[in-house]
Amino acid sequence: MSYGAVEGGRRRSTDMLDSNSRTPLLASSSEIPPPSSSSDVKIDIPLTQEQELIFPNEPVKTALSFLFLIFGFLVTTFSLALTHDRVPDYNPLPDIVLDNTTYHQWGLKASEIIIIISIVLAFFTVIVHTHRMIIIRRVFLILGLLYMYRGLTMFVTVLPISDKNYECAPKLNHSITFLELISRVVTIVSGGGLSMNGKQIYCGDFIFSGHTMVLMMAFFVVREYSPRTKRFLVFHLLSFVLSVTGVAMLLVSRGHYSIDCLVAYWVTSRVWWTYHTLANNSNLKLSGSHNHMDNIWWWYLFRYAETNVPDQLPRRYSLPLPSGVIEGARRTR
């Protein structure tokens, strides 16, 4: 091979490199050959649509919950009817609050008036909630549990009367008969557990305070199910002040010992918060090693009542009217 031929080949190679180096990086679409269909990669991204959760009313479960409430209330009532004759004739026990406050007999009536107002506020909150049937079912179940606990605690430990001026029915000098027991139960039930109507004449229902229990339940209902907005802050504060004032009036009237109110708050708040923690977490509705809450004796009752409630109840509100009436009112606007 001659030197000229080698030199010519080098020049041709250099010219080819120069031409390639002058090729633009972004060529026009006409100059780029279309890719083969076999090399196409397709990724299907599914369209996600948020489905609205369904919260069934399940009125049968609500009716059964009401029967459970009646059962719990009867447990408390029978317990009081039996405890009345076991109340010791001692002076009131030392109490740091009662011993350092001025006695006002009218405080008990004031406390019960506040209870009625608090119940009205809680009832209004529930009745305008869209999922009112579920809330009513929850309130029935929790109240039934609390009444059962109260019937047990007042029966096992009987305290002397905290108010010497409170008039209790005479005790029997013999073992109570079945008819006498039923008569006492009917008297207590007819009075609704309140003293202002003169039907609460049986004593011994101290640990724990039913008045405090109802006041706290009313406040918890308002706080949990009413709107959490600044406009309703006054409504929440009103319910809270009513509850605290009702307990204060109960204490100044010597209607209960301080320990009765403290235990009532503790039991009521723990049962309420435990129930709603279970209800708002789907994994806690399943039995297994991950869930120690299923050791609570009423957990299976809770699961039956809440198994079809998919999530935490949204704060939506509507009037408790038939759907036809609501649709007609919307069309007239």
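Structure: above.
Residues numbered from 1 in each chain as written. Predicted model: local features only at pLDDT ≥ 70, side-chain atom pairs only at ≥ 80, totals over all residues. Heavy atoms only, no water.

Caption draft 1: View of the overall build of the protein chain. Looking only at helices and strands, the protein chain features 10 helices and 0 strands. Of the regular secondary structure in the protein chain, the N- to C-terminal order runs α-α-α-α-α-α-α-α-α-α. Burial status across the protein chain gives 39% buried among its 333 residues. Element-wise, carbon and sulfur atoms account for 64% of the exposed surface of the protein chain, whose accessible area totals about 20,400 Å². (Helix = DSSP H or I, 4+ residues; strand = E, 2+ residues; numbered from the N terminus. Buried < 20%, exposed > 50% of the residue type's maximum accessible area, 1.4 Å probe, protein only. Areas by Shrake-Rupley, 256 points an atom, 1.4 Å probe, with all protein chains shown as cover.)

Caption draft 2: Region of interest: the state of the cysteines. In total, this model carries 1 disulfide according to the counting rule given. Residue pairing for Cys-168: its cysteine sulfur links by disulfide to Cys-203, the two sulfurs lying 1.6 Å apart. Here Cys-168 and Cys-203 share a disulfide; its torsion about the S-S bond, -90°, makes the bridge left-handed. Separated by 35 residues along the polypeptide, Cys-168 in the loop between helix H4 (132-156) and helix H5 (178-191) and Cys-203 in the loop between H5 and helix H6 (210-225) bring together distant segments of the chain. What makes Cys-168 partly exposed here is its relative accessible area of 27%. On the basis of relative accessible area, Cys-203 is assigned to the buried category, the value being 5%. (Disulfide = S-S within 2.5 Å.)

Caption draft 3: Fine view of unusual backbone geometry. Following Ile-207, the chain continues to Phe-208 via a peptide bond in cis, the omega torsion being 0°. Inspection of the secondary structure puts Phe-208 in the loop between H5 and H6. In this model, Glu-58 sits at a positive phi of 50°, which is unusual for a non-glycine residue.

Caption draft 4: Structural context of a nonpolar patch on the surface. A cluster of nonpolar residues, Val-60, Leu-64, Phe-66, Leu-67, Ile-70, Leu-74, Val-189 and Tyr-304, forms a patch on the protein surface that exposes about 690 Å² of accessible area. Mapped onto the fold, Leu-74 is located in helix H2 (residues 59-83). (Patch = residues over 30% accessible without salt bridge, like charges linked within 9 Å, V, L, I, M, F, W, Y side chains within 5 Å. Salt bridge = Lys/Arg side-chain N within 4 Å of Asp/Glu carboxyl O.)

Caption draft 5: Structural view of the environment of Val-214. Position of Val-214 relative to the elements: it lies in helix H6. Each C-alpha atom, one on Val-214 and one on Ile-119, is 8.0 Å from the other, the two residues being 95 residues apart in sequence. Not counting the four nearest positions on each side in its chain, Val-214 is found in contact with Ile-115, Ile-119 and Tyr-147. (Contact = heavy atoms within 4.5 Å.)

Caption draft 6: How the structure looks around the packing of H6 against helix H8 (residues 258-279). Interhelical geometry of H6 versus H8 gives an angle of 35° and a closest axis separation of 9 Å. For H6 against H8, the interelement crossing comes out right-handed. Of H8, the residues touching H6 (which contributes Thr-212, Met-213, Met-216, Met-217, Phe-220, Val-221, Glu-224 and Tyr-225) are Cys-261, Ala-264, Tyr-265, Thr-268, Ser-269, Trp-272, Trp-273 and His-276. When grouped by side-chain class, the residues that make up the contact of H6 with H8 number 11 nonpolar, 4 polar and 1 charged. (Axes fitted to C-alpha atoms, helices over the stretch in contact; angles between N-to-C directions. Left-handed = near helix turned anticlockwise from the far one by under 90°. Nonpolar A, V, L, I, M, F, W, Y, C, P; charged D, E, K, R; others polar.)

Caption draft 7: Local environment of the packing of aromatic side chains. Within the structure shown, the criterion is met by 13 aromatic pairs. For the pair Phe-220 and Trp-272, a centre-to-centre distance of 5.8 Å together with 25° between the ring planes defines the contact as stacked. Of this pair, Phe-220 sits in helix H6 while Trp-272 is found in helix H8, placing the two residues 52 residues apart along the sequence. Across the pair, exposure class does not vary: Phe-220 and Trp-272 are buried alike. Ring geometry for Phe-220 and Trp-273: centres 5.8 Å apart, planes at 55°, overall tilted. Of this pair, Phe-220 sits in helix H6 while Trp-273 sits in helix H8, and the two are 53 residues apart along the sequence. Look at Trp-273 and you get partly exposed, because its relative accessible area is 36%. Counting every residue linked through ring pairs, the aromatic cluster contains Phe-219, Phe-220, Tyr-225, Phe-240, Trp-272 and Trp-273. (Phe/Tyr/Trp six-rings, centres within 6.5 Å; stacked < 30°, edge-to-face > 60°.)

Caption draft 8: Geometry of the pattern of salt bridges. With the rule as written, the count across this model stands at 6 salt bridges. Across the pair Asp-89 and Lys-171 runs a salt bridge, and its minimum N-O distance is 3.2 Å. Note that Asp-89 is positioned in the loop between H2 and helix H3 (107-127) and Lys-171 in the loop between H4 and H5, a separation of 82 residues in sequence. Classification of Asp-89 by relative accessible area gives exposed; the value is 71%. Ionic pairing is found between Arg-150 and Asp-205, a salt bridge with its closest N-O pair at 3.3 Å. Residue Arg-150 is located in helix H4, and its partner Asp-205 is located in the loop between H5 and H6; the two are separated by 55 residues in the primary sequence. Residue class for Arg-150 comes out buried when judged on its relative accessible area of 7%.

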